[in-house]
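Take a look at the letters that make up each chain.
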Amino acid sequence: MKHKACELVHTRNYFVEHFICKHLTKTCVWIATSCNRSMSETILSVSGLEKYYGTFHALKGLDLEVKRGEIFGLLGPNGAGKTTMIRILVGLIKPNKGTVRYFDKIDLKDLNDALPRIGSIIEEPRFYPYLSGKLNLQVSARYYPKGITKQRITDLIELVGLTGRESDRVSTYSQGMRQRLGIAQAMLNDPEIIILDEPTNGLDPKGIIELRQLIIRLKEEFGKTVILSSHILSEVEQMADSMAIINKGVCVSQGNVSELLSKNSVSVSLETDDLAASKVMIEAMGYSVTQDQKAINFNAELDAIPNVVSKLTAADHKIFRLDHRRKLEDYFLKLTAA
Amino acid sequence: MVALVTGDLISGEAAMGTLRYSLTKPIGRFKFISAKWITAMLYSLGILLLLGVFAYGLSLVIFGPGDLLVLNADGLVVIRDAELFWRFMAAFVFAFISLTTVASLSLMLSAFSNNSVGPIVLTMVVIIVFTVISSFEMSFFDPIMPFLFTNHMGLWRRLFSDPIPTAEILRSAGILVLHSLVFFGITQYHFKNKDIIE
């Protein structure tokens, strides 16, 4: 009896130990991850990058810094140099000048040491059309010296929502499915950085939403750093934590998306009981105001809005609605107009 | 056939867009080109083996075993049955060296191009033009004759001469190997520094 009781105690102890171990590990991982994030480790830094195509100066001393665990948006009009920079990052193009440093220690000349930790989609993903999605992934997997398990390929197919179609030829895939297969290919080596060049190009709205959700999942669930180039402003605004705007081969702005946008005026729409009187009053505060049938609209610094509201309410104006939008379009156009 | 396949090995991938995906993997360009070159060699060898088996096998079936009568520049040569197999083998080894040169040339042109048809056509044009020049008996072309690799490619026929001009055959084989190495070297150098912008 005593013996059985001992066994029970031991068994309980084992479960308790196991429970503590499991949760301690989870806690340690959480603390480590949090520390890592709060340390804001620079995972990629680009400095003074220059590239000539003949006499055309595509990149004119580009500087960038990407932190670990963030979605980094690379914005710029067509021909700004985004794709050139991304191709340099993955070693497809050699720069004429400047440095690229991954993980704070690996330069471009040793890029092969960094590539096992990087996944990428350069422009639209391309596959062998006569092979199935799964076979394409298996072919790509052979490039990695440490090897990729079959289970990893199956897991990735599931992650990108291609289960059931993985044995079909890629030539039968829609653009959205190819894009998702491209993400699976980029994720094969469980990379720390995923570089996506114009990932939503050619996708229908449903495909764009699915891809956007997948990219956010990559960051939030898997802790990946995603570098995303796009000329679709809303795409970057919705997904990115930080961004850089490139224009004519130089970086004209870089920083946290919300901070960058909050530094700039916002577009305010205001609905009051007396639009005409409110308009006069706001104009008296020095703002340029337009009025339509339902509301008055003006641009103001974000910090100045409470002041406007308090002055209107002090003058007995009834405010029914106040909207403000941080307009990335305005900011983008301001920086790239020249 | 060799030009058709090897001319497409790099440019075909560039045209399909898969080249940029292969090169963003941690393998290095030297390894990539070397793998393509070895594939080109294996393919040439495969074609040659197939041809050899057919040629030798069909000859045996149609004409049966025995001595071989060969009509060449030296006149009528009788090759004894006992010597026939190794002479055939030596001729195929020489032909393999020749095809290696064609494959290396085609692969080199493929590295310079982003479309599949160009390198294939250009390889054929080079071979045809060189062969035509080689066949002209004009002193005007004499200075360039030793540099035309096609001049050396037909020397497998001399393995059915009596006696066999061993020194001449080895010299030609050496020149062909040298051509292959130069083509391979140019391919590696060009590809190492090539910007992949397609």
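In this convention, every chain numbers its residues from 1, walking through the sequence in written order. Here every chain gets a letter starting at A, and every ligand a number starting at 1, in the order they are written. Where local features are concerned, this predicted model is filtered to residues with pLDDT of at least 70; where side-chain atom pairs are given and counted, the filter is 80 or more; whole-chain, interface and lining totals use all residues. Water and hydrogen atoms play no part in the side-chain values, which are based on all heavy atoms of the structure.

Student: Residue-level account of the overall build of chain B, with values.
Tutor: Here a strand is any run of E in DSSP of at least two residues, a helix any run of H or I of at least four, and the numbering for each starts at the N terminus. Broken down by element type, chain B carries eight helices and two strands. In chain B, the succession of α and β elements from N to C terminus is α-α-α-α-β-β-α-α-α-α. The principal-axis extent of the C-alpha atoms belonging to chain B is close to 60 × 45 × 25 Å. Contacts are assigned to residue pairs that have any heavy atoms within 4.5 Å of one another. Here the analysis covers contacts within chain B between residues at least 6 apart in sequence; of these, 71% occur between residues at least 24 apart. All accessible areas in this document rest on Shrake-Rupley with a 1.4 Å probe, and a residue is counted as covered only by the protein chains that are shown. Approximately 10,300 Å² of chain B is accessible, and the part contributed by carbon and sulfur atoms is 75%.

Student: Hey, could you go over the nonpolar core for me, with residue numbers and the actual values?
Tutor: One broad trend across soluble globular proteins is that nonpolar side chains are buried collectively. What makes a nonpolar core is a set of buried Ala, Val, Leu, Ile, Met, Phe, Trp, Tyr and Cys residues whose side-chain atoms join them at distances within 4.5 Å. Buried means the residue's accessible area, taken with a 1.4 Å probe over protein chains only, is under 20% of the maximum for its type, while exposed means over 50%, and partly exposed covers the values in between. A:L44, A:M85, A:Y102, A:I195 and B:F191 are the most contacted members of the largest nonpolar core, which has 76 residues in total. In contact with A:L44, not counting residues within four places along its chain, are A:L64, A:E65, A:V66, A:L89, A:V100, A:R101, A:Y102 and A:I227. Ranked by size, the runner-up nonpolar core spans 45 residues in total, among them A:I121, A:I153, A:L156 and A:L328.

Student: Please give an account of helix α12 (residues 328-336) of chain A that cites residues and values.
Tutor: All names here are of chain A. Along α12, the residues that are buried comprise L328, Y331, F332 and T336. Viewed end-on, α12 has its buried residues packed into an arc of 115°, placing them on one side of the element. Set apart from the buried face of α12 by more than 90 degrees, the exposed residues are L333 and K334. To be clear, the arc concerns the directions from the helix axis to the C-beta atoms.

Student: Provide a residue-level description of the packing of aromatic side chains, including the pertinent values.
Tutor: For this analysis, a ring pair means two rings from Phe, Tyr or Trp (six-membered ring only for Trp) whose centres lie within 6.5 Å, classed as stacked if their planes differ by under 30 degrees, edge-to-face if by over 60, and tilted for the remaining angles. Under the definition given, this model contains 11 aromatic pairs over all chains. Measuring from centroid to centroid gives 5.5 Å for A:Y287 and A:F298, while their planes differ by 45°, and the two rings are tilted. Pair noted here: A:Y287 is in the loop between α10 (275-284) and β12 (289-291) and A:F298 is in strand β13 (residues 296-300), with a separation of 11 residues, a long-range link. The exposure class assigned to A:F298 is buried, which follows from its relative accessible area of 5%. On the basis of an interplanar angle of 45° and a centroid distance of 4.8 Å, the ring pair of B:W37 and B:F184 is categorised as tilted. Within this pair, whereas B:W37 is found in helix α4 (residues 29-63), its partner B:F184 is found in helix α8 (residues 166-193), the two being separated by 147 residues in sequence. In this structure, B:W37 and B:F184 share a single accessibility class: buried.

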